[in-house]
2 protein chains.
Amino acid sequence: MNKIRIGILGYGNLGRGVEQGILQNKDMELVGVFTRRNPIDIQLTTKDAKAYHIKDAKEMTDIIDVMILCGGSKSDLPTQGPEFAGLFNTVDGFDTHANIPQYYDAVNDSALKAKKTAVIASGWDPGMFSLNRLYAEAILPKGKGYTFWGKGVSQGHSDAIRRIEGVADAKQYTIPIEEAMDRVRKGELPDFTPRQKHLRECFVVAEDGADLNRIENEIKSMPNYFSDYDTIVHFISKEELEKNHSKMPHGGVVIHSGKTGLNDENNHLIEYSIKLDANPDFTANVLLAYARAVYRLNKEGIYGAKTVFDIAPAYLSIKSNEELRRTLL
Amino acid sequence: MNKIRIGILGYGNLGRGVEQGILQNKDMELVGVFTRRNPIDIQLTTKDAKAYHIKDAKEMTDIIDVMILCGGSKSDLPTQGPEFAGLFNTVDGFDTHANIPQYYDAVNDSALKAKKTAVIASGWDPGMFSLNRLYAEAILPKGKGYTFWGKGVSQGHSDAIRRIEGVADAKQYTIPIEEAMDRVRKGELPDFTPRQKHLRECFVVAEDGADLNRIENEIKSMPNYFSDYDTIVHFISKEELEKNHSKMPHGGVVIHSGKTGLNDENNHLIEYSIKLDANPDFTANVLLAYARAVYRLNKEGIYGAKTVFDIAPAYLSIKSNEELRRTLL
């Protein structure tokens, strides 16, 4: 069997997760990691792979089947996505929901011209949660879907706190409100404000002599991030943050409640939930499953940008269609 | 918008569920119901639709876009599936897992010859549960998946009890064992015997003067159906059965537990669960979502038998791809 030759662009938490995930997929192998740093400073876990400078990637289009883009959605992917989809089949986890349509168009144009295939906005949300919103809505059109996130660390909210003057470090947990989930599970179909669905809990390390009251007020009143939520702020020591808050757990649930029957007399509930010890590892594994899909679609001559909505589930599995029907159907 | 013109073959619980489900999908309309009974005896809920004898179906291939096959997997579908896939685009919920490969081949041959498209083995298991087994296994290959059914009425087990001499009527509930689910949720990856996963609870109406001990023993010792499980038998009155056990609730959960990290140090849990007031209604709605897919696939020239594994999620939704990316991704 020819293995799918994977490249990794960006070697942060997600890139390292992809490197480890490749070891779980016996039809894949890592060719190299591409970075803006000096490649000599990068220590890979995989023995047979090498670190390269990002500018060398374009010389390696013949020996990489799929490039996994592990940069951030804010400043890396908007340029890297379209650029690399013109050179490689790609998979990314672009997660700025509001900008997906324009990102899709840019990557699609570039991939179509180069006869490449690019899966965008993969991962768990967008990604597996999106899939479950779609399936549930299609099955129970007379109903309503809800997404709850957490309990888990939100990187974006943690970063926002760190930008406040006087903050040395911080972690923010997004916590779904049980009472809200219970109301959905009872079939109530409620409308929620952000405050009714999620709570935000912050663990903050302040710099020496910083004004804690001011920091707490700045956090709680920050628009978009915190002002619409009940927010709890704890000031803790650097040691405590490292000891108790160094991991990146996350999770969440998509709940869809719907009705059937001539008089809407029957309630139905669909729930998809995940509970993750390590958010980047899980996201990485989703990207790898879609790397398999991208590889196969490209071989079939199906080009352009795709999302999880456009890809038949069988493309993600290492098993043949015949084996899938026999063992998993 | 041209509506998708639906035909229903078989007017039992599932067929009636499909008829009601069509009302929830504004891109669909019911043309007719086909039955082996005298059509005059069939009272439809839908005003503009008619009941026809099954033998008239073959004259109506021009005015039906998708025929939903609502017969049983034991004696109806093995012949109706291949036969109708040679005349119409079809969707069915064939659920005899062991016979899916041969059923697939028969339907596929017939559909390919007629340039029709046929989704087989749709519903929730096989169907949505199968999908979730596949997605989870592809994402967490170093892991293990578990399916628990219930609490809900198993039609097959209820029928098996009714065939025992001296039994007037019966309902059987399949009940998942909480302790087993909890072990999976803890990340233990246990191997279970059937007895460790599910309990079987039976409500039996005996005929006057029947030997209750013999009936109970016959149930508990019945191979495949009951002998591998802890089984509870209650004898109740006909009135009690009708009052408390006339509905068809069901449900279940697919749980996949997997590990990541260089030393398998991170646990991840994916759960997909459903809780249904009316099993046939929910199954009907899944068949209708796949009817939309079948209609579109056929228009694109994609013929033959398909399963839920072969169909990209976007085909199930009434929304356009652009709208899906904008609103659900």
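Residues numbered from 1 in each chain as written. Chains lettered and ligands numbered in written order. Predicted model: local features only at pLDDT ≥ 70, side-chain atom pairs only at ≥ 80, totals over all residues. Heavy atoms only, no water.

Enquirer: Tell me about the UniProt feature "binding site: substrate" (unreviewed entry) in chain A, and name the residues and values.
Expert: Residue and element names in this part refer to chain A. When the UniProt feature table is mapped onto this chain numbering, "binding site: substrate" (unreviewed entry) sits at W149, T174, R200, H250 and N279. Looking at where H250 falls in the secondary structure, it is placed in strand β12 (residues 250-260). Its relative accessible area of 9% is what places H250 among the buried residues. With residues up to four places along the chain from it excluded, the contact list for H250 reads W124, W149, G150, K151, G152, V153, S154, K275, L276 and N279. Reaching out from H250, the side chain makes a polar contact with the backbone oxygen of V153 at a distance of 3.4 Å. Counting through the fold element by element, N279 comes out in helix α10 (residues 279-299). Beyond its immediate stretch of four places on either side in the chain, N279 contacts W124, M248 and H250. There is a polar contact of 2.8 Å between the side chain of N279 and the side chain of W124. (UniProt positions renumbered as here; feature names shortened; annotations may be inferred. Helix = DSSP H or I, 4+ residues; strand = E, 2+ residues; numbered from the N terminus. Buried < 20%, exposed > 50% of the residue type's maximum accessible area, 1.4 Å probe, protein only. Contact = heavy atoms within 4.5 Å. Polar contact = N/O pair within 3.5 Å; in protein donor to acceptor, adjacent residues only side chain to side chain.)

Enquirer: Could you give an account of the sheet that holds strand β10 (residues 198-206) of chain B, naming the residues involved and the relevant values?
Expert: Residue and element names in this part refer to chain B. Across the sheet, four strands lie side by side as β8-β9-β10-β11; this open sheet has mixed pairing. Each of the sheet's edge strands pairs with one partner strand only, and the pair in question is β8 (152-153) and β11 (230-235). Bridge count between strand β9 (residues 167-176) and β10: nine bridges; the pairing is antiparallel. Across the sheet, V167 pairs through a bridge with A206, a residue of β10. Relative to the sheet, helix α5 (residues 155-162) contacts β8, β9 and β10, its axis offset from that of β9 by approximately 145°. (Pairing = 2+ DSSP bridges. Axes fitted to C-alpha atoms, helices over the stretch in contact; angles between N-to-C directions.)

Enquirer: Which residues make up the domain arrangement of chain A, and what are the values?
Expert: Residues and elements named next belong to chain A. Each assigned domain of chain A is listed here: domain 1 (4-123 + 280-328) and domain 2 (128-278). A straight line from the C-alpha centre of domain 1 to that of domain 2 covers 28 Å. Taken together, the contact between domain 1 and domain 2 spans eleven residues of the former and ten residues of the latter. At the boundary of domain 1 with domain 2, total buried surface from both sides reaches about 910 Å², with 71% on carbon and sulfur atoms. When the buried area of domain 1 at its contact with domain 2 is split by residue, P280, F282 and F309 rank highest and sum to 49% of it. Applying the counting criterion to the domain 1 and domain 2 interface returns zero salt bridges. If you look at where domain 1 meets domain 2, you find three residue pairs in polar contact (both at pLDDT 80 or more). The greatest single-element share of the side of domain 1 that touches domain 2, amounting to five residues, is contributed by α10. (Domains from an automatic or database assignment. Buried area = accessible area lost by both parts, 1.4 Å probe. Salt bridge = Lys/Arg side-chain N within 4 Å of Asp/Glu carboxyl O.)

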